Each structure stands twice: as C-alpha cells, then as structure tokens.
Amino acid sequence: MAFGISRKELVQWKEEVTRGEISFLTHFWLDDRFPESHCVTKAGCKDLEKLANWGAQFGLKKEWIHHNEQYPHFDLLGKTQVKVLKHYGLDDHIKRFKLHT
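The written sequence of each chain sets the order in which its residues are numbered from 1. Two thresholds apply to this predicted model, a pLDDT of at least 70 for residue-level local features and 80 or more for giving and counting side-chain atom pairs, whereas whole-chain, interface and lining totals are computed over all residues. In computing side-chain properties, one takes all heavy atoms of the structure into account and sets aside hydrogens as well as water.

**Observations regarding the overall build of the protein chain**
Piece 1. Each helix and strand in the protein chain was counted, giving 4 helices and 4 strands.
Piece 2. Helix numbers and strand numbers start at the N terminus; a helix is a DSSP run of H or I with at least 4 residues, a strand a run of E with at least 2. Its helices and strands in sequence order give the protein chain the pattern β-α-β-β-α-β-α-α, from N to C terminus.
Piece 3. Radius of gyration: over C-alpha atoms. The globule rule applied is 2.2 Å multiplied by the number of residues raised to the 0.38 power. Here the C-alpha atoms of the protein chain give a radius of gyration of 13 Å, agreeing with the 13 Å that 2.2 N^0.38 yields for 101 residues.
Piece 4. Dimensions along the principal axes, computed over C-alpha positions, put the protein chain at roughly 30 × 30 × 30 Å.
Piece 5. A 1.4 Å probe rolled over the protein chains alone gives each residue an accessible area, and that area as a share of the maximum for its type sets the label: buried under 20%, exposed over 50%, partly exposed in between. The proportion of buried residues among the 101 residues of the protein chain is 40%.
Piece 6. In this analysis, two residues are considered to be in contact whenever any of their non-hydrogen atoms come within 4.5 Å of each other. Put simply, of all contacts in the protein chain between residues at least 6 apart along the chain, 53% involve residues at least 24 apart.
Piece 7. Per-residue and other accessible areas follow the Shrake-Rupley method at a 1.4 Å probe size, with only the shown protein chains counted as cover for residues. Counting every atom, the protein chain has about 6500 Å² of accessible surface; 53% of that belongs to carbon and sulfur.
Piece 8. By the counting rule applied here, Lys and Arg register as positive and Asp and Glu as negative, while His and the ends of each chain are not counted. A charged residue contributes its charge at one atom only: NZ of Lys, CZ of Arg, CG of Asp or CD of Glu. Looking at the protein chain, you have 16 positive and 14 negative side-chain charges, and the mean spots of the two groups are 3 Å apart.

In structure tokens, the structure reads:
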C-alpha cells in the first residue's frame, strides 16, 4: 500500500519512466515482508537495459527489477535507498519520509 504522495508526483514519475529516464518516486509504504521499512523508493525506467546498468552501479542485480509492463523499476529500501537518494541530491526525499542511515 502506497501513500504520502500527490497525484502530480505519480504522474510525473510515470511520464519520466515512459520517456526512458531514470526516475525516482519515494512514498510511505506498508508491507508485512519488510516490517523494518516504512517507505520505499521506486527507481524506474522503461529501457530495461539502461535500468539494469544503472542498478549495477549500486550493487543491484537485474533479476531484482520489477517487470511491471508499463513501469519497470527497482524497489530501494534501507541503506541502498538512502545511498541512492544522497547520490542524486534528493535530500528532500530523505527529510520528507524521515529516512535515517
């Protein structure tokens, strides 16, 4: 279950992913499989090769890509999530969603 984002943010992420850009969407999230995580960052891109190559630089395996038909993405959690957000200067995501290293 995702919450804490606006429709505008979701639409922007979908448009960027569709254009073949690497795009980030962080949102509050509840999943019983990951009780230690209260939010997730989706790193998406329609170009699967580009997405896999991007993920490799952060130690992500291409097998971890969620092959959503329209919006393929990695789900970033924990230390990797914070590392990526800091790398891209997305400190507003870290602050807004109360992420700690």
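Read on, since the account is not over.
**A word on unusual backbone geometry**
Piece 1. Backbone geometry at K98 places phi at a positive 50°, although glycine is not the residue there.
Piece 2. One can find K98 in the segment after α4 (91-96).
Piece 3. The class for K98 is exposed, based on a relative accessible area of 54%.

**Let's talk about the pattern of salt bridges**
It is possible for side chains of opposite charge to pair when their charged atoms get near one another.
Piece 1. Definition used for salt bridges: Asp or Glu carboxyl oxygen within 4 Å of a side-chain nitrogen of Lys or Arg. Applying the stated criterion to the full structure yields 4 salt bridges.
Piece 2. A salt bridge links E9 to R96, with the nearest nitrogen and oxygen atoms 2.5 Å apart. Here R96 lies in helix α4 and E9 lies in helix α1 (residues 7-18), a separation of 87 residues in the sequence.
Piece 3. By relative accessible area, E9 is classed as partly exposed at 27%.
Piece 4. Exposure remark for R96: the relative accessible area of 37% places this residue in the partly exposed category.
Piece 5. A salt bridge links R19 to E21, with the shortest nitrogen-to-oxygen separation between them at 2.7 Å.
Piece 6. Of the residues examined, R19 reaches a relative accessible area of 53% and is grouped as exposed.
Piece 7. Looking at E21, the relative accessible area reads 31%, which means it is partly exposed.

**Quick notes on the pairing of strand β3 (residues 39-44)**
Piece 1. The element β3 is extensively covered by neighbouring structure, given that 6 of its 6 residues are classed as buried.
Piece 2. Of the two faces of β3, the one lined by C39, T41 and A43 and the one lined by V40, K42 and G44 are each fully buried.
Piece 3. In terms of strand pairing, strand β2 (residues 23-29) meets β3 through 6 bridges, oriented antiparallel. Bridge pairing in β3 links T26 to T41.
Piece 4. Alignment of β3 against strand β4 (residues 73-76), held across 4 bridges, turns out to be antiparallel. When the bridges of β4 are listed, K42 appears paired with D75. What makes two strands pair is DSSP finding at least two bridges between them.

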